[in-house]
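Architecture at a glance
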Amino acid sequence: MISICKDLSENFKYSSELQKLKPKLIETDRLLLIERARTKPQKTMIDELNRLKNEFISNISHEFRTTLASIIGFSETIESDPNLPSEMKREFNGLIMSEGKRLAKIINDVLDASRVEDGKIAINKTILDLSNLLQEVVDANSQLALAKKIIISFDHPPEQIFIELDRESIYRVFNALLNNAIKFTGDNGRVKIVVNNLFREVEIIISDTGIGIPEGDLPYIFQKFYRISRPRGEFSESEVGLVFVKHIIDLHKGLITVQTELGSGTTFLVKLSKTSKIEKNEVTFE
């Protein structure tokens, strides 16, 4: 009788080790599934951000082309027709200037949004009277309101309200909000600015009787690249500026909220902390 034998002790050893590792393998697979589920919303968010970015670039490129086409068209007309009446030349020059300023504002808003993203915006705080600053903003937008027969009312306490803030950036914040209110309010409408002097903070309300913001857009209006759904799909450079507005308010440790009703108007509410102690040599009167 011939027999062949094989030592299987190593196989039994490895089989035993595999049985011990099997629960760990199952646990690892479960953790991987959890991580995949966790990263899925992030991937969806990134995809949505990329989509909004591409849509934003497309929209703003269209604005650039349209504005440049107007500037070039009117300039070529003036250049090619020496017999063009003086009144028409002045009208075309006015349109060229208006379109040029509009293009410059769009570019500045886009650059501001980029600076916000890179964290390159710095603030230089000084102590000043908020009511005087807001009055300057109202005066700067009075002609725009007058052209649309919009009434701007400015209600503020008689006492001075001193706040420590960056004058240039806060001026741009309220100028953007007021300009936006006038732009999206129809002829013969109303825009109201109210300043409430509270105990530790000051409350600034900018309200209009304009077209309002769709309810579905409200959670996203301060997000980069988001485009508010406007009637006829028009693009607003002020929507780019809202990213800058939110960032500047955050840098001042303030709060900005918005309430709106489609077709009835929008109200922006800004809260800023007041300066508790003021030395005379520190006060900057505007």
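Up top you'll find the structure we're talking about.
These numbers come from a predicted model, not from an experiment.

1. Description of the overall build of the protein chain
Secondary structure summary: the protein chain contains 6 helices and 8 strands in total. Looking at the protein chain as a whole, 35% of its 286 residues are labelled buried. Put simply, of all contacts in the protein chain between residues at least 6 apart along the chain, 72% involve residues at least 24 apart. Total accessible area on the protein chain stands at roughly 18100 Å², and carbon and sulfur atoms take up 55% of it.

2. Brief notes about the nonpolar core
Residues Phe174, Leu177, Ile204 and Leu272 are the most contacted members of the largest nonpolar core, which totals 40 residues. Elements that contribute at least two residues to this core include exactly α3 (130-140), β3 (162-165), α5 (167-183), β4 (190-197), β5 (201-208), α6 (237-251), β6 (255-261) and β7 (265-273). It is α5 that provides the largest number of residues to this core, a total of 8 residues.

3. Here we look at the packing of α3 against α5
Taken N-terminus to C-terminus, the directions of α3 and α5 make an angle of 45°; their axes are 10 Å apart at the nearest point. Here α3 lies oblique to α5, going by the angle between them. Viewed along their axes, α3 and α5 form a crossing whose handedness is right-handed. For the pair α3 and α5, the contacting residues are Leu130, Leu133, Leu134, Glu136, Val137, Val138 and Ala140 in the first and Arg167, Ile170, Tyr171, Phe174, Asn175 and Leu178 in the second. Taken together, the residues that form the contact of α3 with α5 break down as 10 nonpolar, 1 polar and 2 charged.

Here is what the cut-offs are and how they apply
Residues numbered from 1 in each chain as written. Predicted model: local features only at pLDDT ≥ 70, side-chain atom pairs only at ≥ 80, totals over all residues. Heavy atoms only, no water. Helix = DSSP H or I, 4+ residues; strand = E, 2+ residues; numbered from the N terminus. Buried < 20%, exposed > 50% of the residue type's maximum accessible area, 1.4 Å probe, protein only. Contact = heavy atoms within 4.5 Å. Areas by Shrake-Rupley, 256 points an atom, 1.4 Å probe, with all protein chains shown as cover. Core = buried A, V, L, I, M, F, W, Y, C linked by side-chain atoms within 4.5 Å. Axes fitted to C-alpha atoms, helices over the stretch in contact; angles between N-to-C directions. Parallel < 35°, antiparallel > 145°, perpendicular 65-115°, else oblique. Left-handed = near helix turned anticlockwise from the far one by under 90°. Nonpolar A, V, L, I, M, F, W, Y, C, P; charged D, E, K, R; others polar.

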